[in-house]
Amino acid sequence: MQVWTDVILITVVLTNLALTGLSSLGTCIRVMALQGVLLGLITIGVQREQLSLHVLVLVAGTVAIKGFVFPRLLKRAIREAAIRQEVEPFVGFASSLLIGSLALPFAIWLTGRLPHLDAGVSPLLVPTAFHAILIGLLLIVSRRKAVTQVLGYLALENGIFVFGVGLARQATFLVEMGILLDVFVAVFVMGIAIFHISREFDHIDTDQLSQLKE
Amino acid sequence: MTNICLLMTSVGLMVASGLIALLVSRWPRVASAMGCVGTVIGCGLGLVPSVRVLLGQPAEVLRLAWSMPLGDCVFVLDALASLFLVAIYSLCGLAAIYGAEYLQSYRQRRSLGPPWFFFNLLVGSMVVVVTAQNAVLFLIAWEIMSLASFFLVTFEHEDEGAWRAGWTYLVAAHLGTAFLLAMFILLGRASGSMDFASFGSMSQPVAHASLILVLAVVGFGTKAGFMPLHVWLPEAHPAAPSHVSAVMSGVMIKTGIYGLLRTLTFLGPPPAWWGLLLIGIGLVSGVLGVLFALAQHDLKRLLAYHSVENIGIIALGLGTGLLGLSLQSTPMAVLGFGGGLLHVLNHACFKGLLFLGAGAVLHGTGSRELDRMGGLLKRLPWTGWTFLVGAVAICGLPPLNGFVSELLIYLGALKGVRWATGSHLPLVVGVVVGLALIGGLASACFTKAFGAVFLGEPRSAQAAGSHECGGLMRLAMLVLAAGCAAIGLLGPFVIVAMAPAITVVAGMPSESIRATMAGPREILSAVVAASIVLLVLTGGLMVFRRWLLAGRDVSSTVTWDCGYARPTARMQYTASSFAQPLTWFFRVFLQTHTKLAPPVDFFPASASLVTHTDDVCREKFYRPMFRSVGWLLSRLRWLQHGRVQIYVLYIALTLLALLLWKLE
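For every chain, the first residue of the written sequence is number 1, and numbering continues from 1 along that sequence. Here the convention is simple: chains get letters from A, ligands get numbers from 1, in the order in which they are written. Note on the predicted model: pLDDT of at least 70 is required for a residue's local features to be given, and 80 or more for side-chain atom pairs to be given and counted; whole-chain, interface and lining totals, by contrast, use all residues.

(A) Highlighting the overall build of chain A. Secondary structure elements follow DSSP: runs of H or I no shorter than four residues count as helices, runs of E no shorter than two count as strands, and numbering proceeds from the N terminus. Within chain A one finds eight helices and zero strands. In sequence order, chain A lays out its α and β elements as α-α-α-α-α-α-α-α. For the purpose of contact definition, each residue receives a C-beta atom placed from its backbone, and two residues are in contact when these atoms lie within 7 Å. Across chain A, every contact between residues at least 6 apart in sequence was considered, and the portion connecting residues at least 24 apart equals 73%.

(B) Geometry of the overall build of chain B. The secondary structure content of chain B amounts to 27 helices and four strands. For this measure, only C-alpha atoms enter the radius of gyration; the expected value for a globule follows 2.2 Å times N^0.38, where N is the number of residues. Taken over C-alpha atoms, the radius of gyration comes to 26 Å for chain B, in line with the 26 Å a tight globule of 664 residues would show. Taken along the three principal axes of its C-alpha coordinates, chain B extends 90 × 70 × 55 Å. As a rule, residues whose C-beta atom has 12 or fewer other C-beta atoms within 10 Å are exposed, those with 20 or more are buried, and those in between are partly exposed; C-beta atoms are placed from the backbone. Among the 664 residues that make up chain B, the fraction classed as buried is 51%. Long-range contacts, defined here as pairs at least 24 residues apart, represent 81% of the contacts in chain B between residues at least 6 apart.

(C) Here's a closer look at unusual backbone geometry. All names here are of chain B. With an omega of 5°, the peptide bond running from P398 to P399 counts as cis. With respect to the helices and strands, the residue P399 is situated in the loop between α16 (381–394) and α17 (401–419). A positive phi angle, close to 55°, is found at Q328, a residue other than glycine. Notably, Q591 is not glycine yet its phi reads approximately 50°, a positive angle. Mapped onto the elements of the fold, Q591 is located in the loop between α25 (587–590) and β3 (593–597). Since 13 C-beta atoms lie within 10 Å of it, Q591 is described here as partly exposed.

(D) Molecular detail of the confidence of the model for chain B. Here chain B shows a mean pLDDT of 89. Residues at 70 or above account for 98%. Among the prediction metrics, the complex's ipTM stands at 0.75, with pTM recorded as 0.82. Predictor confidence is given residue by residue as pLDDT, running from a minimum of 0 to a maximum of 100.

(E) Inspection of the environment of L229(B) at higher detail. All names here are of chain B. Structurally, L229 is set in the loop between α8 (206–224) and α9 (233–239). L229 sits in the buried class, given 26 other C-beta atoms within 10 Å. Once you skip the residues sitting within four places of it in the chain, L229 turns out to touch V218, G221 and T222.

(F) How the structure looks around helix α24 (residues 575–585) of chain B. Residue and element names in this part refer to chain B. For α24, the full list of buried residues reads A575, S576, F578 and A579. Seen from one end, α24 has its buried residues packed into an arc of 150°, which puts them on one side. Projecting away from the buried face of α24 at angles above 90 degrees are the exposed residues P581, W584 and F585. As used here, the arc is the angular range of directions from the helix axis to the C-beta atoms.

(G) Expanded view of the packing of helix α14 (residues 330–365) of chain B against α17(B). Residues and elements named next belong to chain B. Where α14 meets α17, the closest approach of the two axes is 8 Å, and the angle between their N-to-C directions is 160°. Here α14 is positioned roughly antiparallel relative to α17, judged by the angle of their axes. Our pair here, α14 against α17, has a crossing hand that is left-handed. On α17, the residues that touch P331, M332, L335, G336, G338, G339, G340, L342, H343, N346, C349 and F350 of α14 are N401, G402, V404, S405, E406, L408, I409, L411, G412, K415, G416 and W419. Residues of the contact of α14 with α17, tallied by class, amount to 11 nonpolar, 11 polar and two charged. Angles run from 0 to 180 degrees between N-to-C directions of axes, and those axes are lines fitted to C-alpha atoms, restricted for helices to the stretch in contact. Each angle receives one of four descriptions, namely roughly parallel if under 35 degrees, roughly antiparallel if over 145, roughly perpendicular if within 65 to 115, and oblique otherwise. Take the far helix as the reference: if the near one is turned anticlockwise from it by less than a right angle, the crossing is left-handed, and if turned clockwise, right-handed. Residue polarity is assigned by list, with Asp, Glu, Lys and Arg as charged and Ala, Val, Leu, Ile, Met, Phe, Trp, Tyr, Cys and Pro as nonpolar; anything else, Gly included, falls into the polar class.

(H) Quick look at the packing of helix α1 (residues 2–23) of chain B against helix α4 (residues 113–131) of chain B. Residue and element names in this part refer to chain B. Two elements in contact, α1 and α4, have axes whose closest approach is 7 Å; the angle formed by their N-to-C orientations is 160°. Judged on the interaxial angle alone, α4 and α1 are roughly antiparallel. In the packing of α1 onto α4, the handedness of the crossing is left-handed. Contacts from L7, V11, M14, V15, S17, G18, L19, A21 and L22 in α1 reach G113, P114, W116, F117, N120, L121, V123, G124, V127, V128 and T131 in α4. Broken down by class, the residue content of the contact of α1 with α4 amounts to 14 nonpolar, six polar and no charged.

(I) Spatial organisation of the domain arrangement of chain B. Residue and element names in this part refer to chain B. Along its sequence, chain B is carved into domain 1 (1–186 + 228–254), domain 2 (269–544), domain 3 (573–612) and domain 4 (616–663). These domain boundaries are the output of an automatic or database domain assignment. Distance between the C-alpha centres of domain 2 and domain 3: 30 Å. Taken together, the contacts link 12 residues of domain 2 with 11 residues of domain 3.

(J) View of the environment of A155(A). All names here are of chain A. With respect to the element layout, A155 can be found in helix α6 (residues 146–167). Measuring from C-alpha to C-alpha, the distance between A155 and F90 comes to 18 Å, with 65 residues separating the pair along the chain. Setting aside chain neighbours within four positions, we find A155 in contact with N16, L19, A132, I135, G136 and L139.

(K) Main features of the pairing of β3(B). Residues and elements named next belong to chain B. Of all five residues in β3, zero are buried; the element is thus mostly exposed. By the bridge criterion, five bridges tie β3 to strand β4 (residues 608–612) in an arrangement that is antiparallel. Bridge pairing links K595 to V610 in β4. Criterion used throughout: strands pair if DSSP finds at least two bridges between them.

(L) Looking closely at helix α13 (residues 299–326) of chain B. In this scheme, a helix's expected span is set at 1.5 Å multiplied by one less than its residue total. The end-to-end C-alpha distance of α13(B) is 41 Å, a good match for the 40 Å that 28 residues give at a rise of 1.5 Å each. Just downstream of α13(B) lies Q328(B), where phi reads positive at about 55°.

Here it is as structure tokens:
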């Protein structure tokens, strides 16, 4: 069981790295969807006891929302706002990829320094979570378009999700439902915001929002 | 349990009625009625348990089932809290009745839901502030109180002055809270809990306790209006609607005094310099407060400076009490604390009355300028006579209530002269001299204010065409005036009733307090008896005069008519000319700016005189300080790009730095 969990975790890390290096928005969204499905599988992987009904419901919910609903919403946002299918980074793809790769050893080092973080399931779980969070922050900081910032936000939330799955086993259901709701609201808000911003200003470059300062 | 449950019910009722008032703000009459009735019923409900506990019923504790972060949600209703609660409930209930009529004049221009919502929230939060027994709960209520009053100060927000006053207040309130936060964190770290009960039960070194006292004096003193920290007060009080000014000045600033007293109960036996510190603050606030009041031309601003003065008197009382505790002199401690605590109640009564009176004048004439009024006693008799009662009370003249509390402080300081030694003596004598000076200057100031507003002839068309307020506003002022008289005439009983509250602060058995009060009781009884004889004589003479005049023609004419063919209102003393000898004498402190264009030649065409007294602390200390802070911060403008990405980067870097720092 642990082998499969590790494989899934490593795949999550790879999808995160792919997010930093890909230039096409559509592919990024597809990778995000894949990551969502993987997260659902992790939820099964970390269970020690029999699979109960609520875990299955949770898995189904995670996969449905992160794997299908969000990507569809994002695609629609892109289509309706008529955005060019490019990521437009501040930091180049190669440098992003390099920073993303360096984030992995940093995450592992950080896990080592943290006291009493026994994930129990797999030693890779916590580093993966940190890595996803760092990648999320990187995407938010280094990308120009609002849509890519939504992607960064999703990656960050996925990291927190992995963290929650591994550590808060007693209150899993509550924690995860909370996170799902959180992200759902976030995507809706940002989706609506993107739509309205593009309608008002004819573009969704957050770059140009800086004209609004003061 | 019934007492404290009634208390919580009253808070719930007031907040709920405020919310309903906010929801129905589309219909101003309904909103106004809702807010007012809710507050009045809530205050009535709350007054019952407060009076019961103040008069000696045992203290009650309420521990709610849900827990606050860092501690429990605990309320305590003890004698100290109940003293402040009596003041809060009485004044706020009356202010609500007054406000129901006062705010009606804004009905056309303004929604009345929000002011009622914030008013009720303010009252509810004050009740929670004085009953909370957990630092977190206390700070939350404290903050709600500051914010609710901020929104009330900025009620007339299209007025530039009100807006600036609001900001000054908000900044001052938060700087004060910062000190309180530091104080509670220190206390919490020493005791291991945020509950007041644990603060009280620990023992701490004197240096630590002194640090906490200094933080408390600065933090609570900002709210109370101790002299160098008072700058928000003369700005915010005039800007707020008058019934809110009454509540803010009468009871909200007293929560600062409450906080200071509550903190003192945590700190164990005081060293002598704490008492001397408070006496020093009291002298500065009292004397300078009344001096600045003398120099004002705006009626509500003048009253605001008098709040600073009265807070100074309260600080004098508390300082005398603290010095008494450290010198182990029971009479000093009992009389000092007793006088200070009773003055809290008294000031709520007469300052509430005076602000309501000033509101009625503003309502009737549309102006706060002393030099535009005059002759209002004939036009606003109810307001005029009740204002006179308040003015006499605030000057500390018998037989009204101000006299009772100031007498206690005088007696405490006089007893102290016998106990104090060496370096303490000058300040103890200073209390007596300072109180006398304050009382004299206050009398001069209110002679000026009452004379300029109510006597003589109207100085402007507005004053000539002014109208008396309606029944609700009169009712509130009459009840407060009756309260001033009642506390004054029942003085001998009132001072004994203070015993449970003094016990909480000074930690003495109530028997010894009652024994100490026996002396002042005799003096007060004599004074009250003499006053009653005097009142009866005056009443008799009035009846006699009426009887003499019964069959004759009585005609009345304008004031200052003595033989002038063409009397004009401009021949009268103005408020500033009346105060000029005193303000000139104290010009070193006041720094009044004068712009004079004197009359020239034998037939002068025009001449003018403009005087303006800025707040010296504000101009000489705070303005330069905030200007340099502003300059320093403007150096950091490059941090603001307006780019979301960079802002997120700042947050991420901060989080990472904190994480790494915690891991080291």
